[in-house]
Amino acid sequence: MEGRTHVPLVNEALCGVCGICRGACPALASPDLAEGETGTMRAALAPQATQGNEDLAPCQDACPLGQDINGYLACLAKGDQQGALEVILRDNPLPSVLGQVCHHPCQQACFSATVQAPPSIRDLKRFAAQAPRPEPAAPQGTAKAKVAVVGAGPAGLAAAWELARNGAQAVVYDAQPMAGGMLAWAIPDFRLPRIDLQRDLDYILAHGVEFKLGQALTPEDVAGLRDDYDAVILACGAPQAKRSGLPGEDLKGVWQGLDFLREAALDCPPQLTAPVVVVGGGNVALDAARVALRQGVAVTLAYRRDREQMPAYAEELEAAEAEGLKLVYRVQPVALEAGEGGAVAALKVLGTTPGQPAADGRVAFAPDPGDERRMEAGSVILALGQQSEADAWASGLGLDNLQGDAQGRLAPGLYLAGDLQTGPATVVEAMAGGIKAARAIMEEVRS
Ligand SMILES: Cc1cc2nc3c(=O)[nH]c(=O)nc-3n(C[C@H](O)[C@H](O)[C@H](O)COP(=O)(O)OP(=O)(O)OC[C@H]3O[C@@H](n4cnc5c(N)ncnc54)[C@H](O)[C@@H]3O)c2cc1C
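Cut-off values and rules
- Residues numbered from 1 in each chain as written.
- Predicted model: local features only at pLDDT ≥ 70, side-chain atom pairs only at ≥ 80, totals over all residues.
- Helix = DSSP H or I, 4+ residues; strand = E, 2+ residues; numbered from the N terminus.
- Buried ≥ 20, exposed ≤ 12 C-beta atoms within 10 Å, placed from the backbone.
- Contact = placed C-beta atoms within 7 Å.
- Near = placed C-beta within 6 Å.
- Nonpolar A, V, L, I, M, F, W, Y, C, P; charged D, E, K, R; others polar.
- Core = buried A, V, L, I, M, F, W, Y, C linked by C-beta atoms within 7 Å.
- Pairing = 2+ DSSP bridges.
- Axes fitted to C-alpha atoms, helices over the stretch in contact; angles between N-to-C directions.
- Domains from an automatic or database assignment.

The next thing to look at is the overall build of the protein. From N to C terminus, the protein includes 19 helices and 16 strands. Dimensions of the protein along its principal axes, counting C-alpha atoms only, are 75 × 65 × 40 Å. The buried share of the protein, reckoned over its 447 residues, is 42%. Taking the intrachain contacts of the protein between residues at least 6 apart in sequence as the baseline, contacts between residues at least 24 apart amount to 68%.

Looking now at the site of the ligand. If you check the shell around the ligand, you find 37 residues, and the closest are Gly151, Gly153, Gly181, Gly237 and Gly418. Contributions of two or more residues to the shell around the ligand are made by α10 (154–165), β2 (169–174), α15 (283–293), α18 (419–422) and α19 (427–446). Taken together, the residues of the shell around the ligand break down into 24 nonpolar, ten polar and three charged.

With that settled, the discussion passes to the nonpolar core. Ala159, Ala160, Ile233, Ala235, Val278 and Ala288 are the most contacted members of the largest nonpolar core, which has 124 residues in total. Looking at this core element by element, the count peaks at eleven residues for α19. Beyond its immediate stretch of four places on either side in the chain, Ala288 contacts Gly257, Phe260, Leu261, Val278, Ile381 and Ala383.

A sheet is described by the order of its strands in space; here three strands give the open sequence β10-β11-β12, paired in antiparallel fashion. This sheet does not close on itself; its edge strands, each paired only once, are β10 (331–338) and β12 (363–376). Each neighbouring strand pair of the sheet contributes to a mean axis angle of 20 degrees, computed without reference to strand direction.

The subject of this paragraph is the domain arrangement of the protein. Domain annotation of the protein identifies domain 1 (20–128), domain 2 (146–239 + 388–446) and domain 3 (241–385). Taken over C-alpha atoms, the centre of domain 2 sits 31 Å from the centre of domain 3. The interface of domain 2 with domain 3 comprises five residues on the first partner and eight residues on the second. Broken down by class, the residue content of the side of domain 2 that touches domain 3 amounts to five nonpolar, no polar and no charged.

This next bit is on the sheet that holds strand β6 (residues 254–256). Sheet architecture is open: five strands sit in the order β6-β13-β7-β8-β9, paired in parallel fashion. Edge positions in the sheet fall to β6 and β9 (326–328), since each has one partner strand and no second. For this sheet the average axis-to-axis angle between neighbouring strands, irrespective of direction, equals 20 degrees. Here strand β8 (residues 299–302) runs beside β9; their pairing, made up of three bridges, is parallel. Residue pairing for β9: Ala302 is matched across the bridge by Val328.

Let's shift gears to the pairing of strand β1 (residues 146–150). Across the five residues that make up β1, a large majority, four, are buried. Looking at chain direction, β1 and β2 are connected through five bridges and run parallel. Each bridged residue has a counterpart across the sheet, and for Ala148 the counterpart in β2 is Val171. Both β1 and strand β4 (residues 231–234) contribute to a ladder of four bridges, which runs parallel. Each residue of the ladder has a partner; that of Val150, found in β4, is Leu234.

So, in structure tokens, the structure goes:
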């Protein structure tokens, strides 16, 4: 690292990606050496010396599942794809899924990210996950619990796997006829091939997890499950679209983004009329826009802030643009205009202007009443957020609210995990929540 006395030399035959060199890196061991320096690699790395958990590589520290990333990259570096998969499976039952859609906080956290493009950790996981699945090991523990999991999304699946591999009995209920939650219907198959999801589901089933699908449970059903099982985990996600409240929202040709994706994946794809306008800037908006583009129609995405503020993943945005998506920034919808036969004909928007950053650093974009515009539209897809049914679950279960503790514990033997607990988040965070709840249940049952 621009050492004053020596230049580091990596012997690739010996390097095991163990991370030990980090401890001896002058930039990290003695950040004071970088004092006054700018523009050098040491100056770029030095501020990281005081961040994060010093016992873990930053990538592993940033991963909600604590994946041993050094470990599996070391296997891959030696050409051992099977070994890499086995390392991944120690902490993660959905390697094929995460190899496709993880938001990879590990890559952003990588020490090298400040000076070069970090390793493509997610893509390497995707490659490792193509190795044959090993036979599941015999249960590692003797947890005697019998647990019902409500919701077969990533939170429920990870919880059930963690329970089963520790000897507990896990039964997963889901309202849909197939397991996977958002992975099975919200994330389009061109981003997450269903064969990859199935490979992970088969692996979870091989651990002895039981699925009871096509059963939409009510709070009364859950109260009954609490009598029959040692514990229940609620992992029902945040599957409702947030309505915009705009005049004209119920016109023919107007879709809520989540409903549009659900129908496109599970029923007949909705027939869109060009031009299509999608409103929003998150995952749902981008995925809905890309599904719409596949019908061969012109699609424009209208977002009220700038590109830098978009919550959608940058790589997805770039892919959508390459597929022909047009983007219009700084416009806020105010109404949907009806045309012939009561179908939508246009979206009325106001231009927005950025104000001063708020305390959290976020810039508010205020609509300008003098800047009204009309975007012609044959179909409109509104993707303005998701919400859970937390309030309905809380009142149905006789609870004040649905805020569990850090392990997701709501009451003795009753836990929650995933988007239902955190609000809309990510696959890997939902899985981590499920595993945490499973471990807390095993602890509770043991004591
Ligand atoms: C369009 C879209 C794209 C996304 N893209 C990404 C991405 O690229 N990367 C990423 O990391 N995250 C992404 N996410 C977020 C991610 O999918 C979610 O954070 C994650 O699926 C949450 O997992 P979960 O298990 O909490 O809930 P869900 O996946 O929503 O699963 C909940 C399950 O509970 C079931 N359920 C609900 N109510 C009941 C009931 N009463 N009885 C029985 N079963 C019930 C549902 O049928 C569902 O199967 C995306 C989300 C969306 C909507």
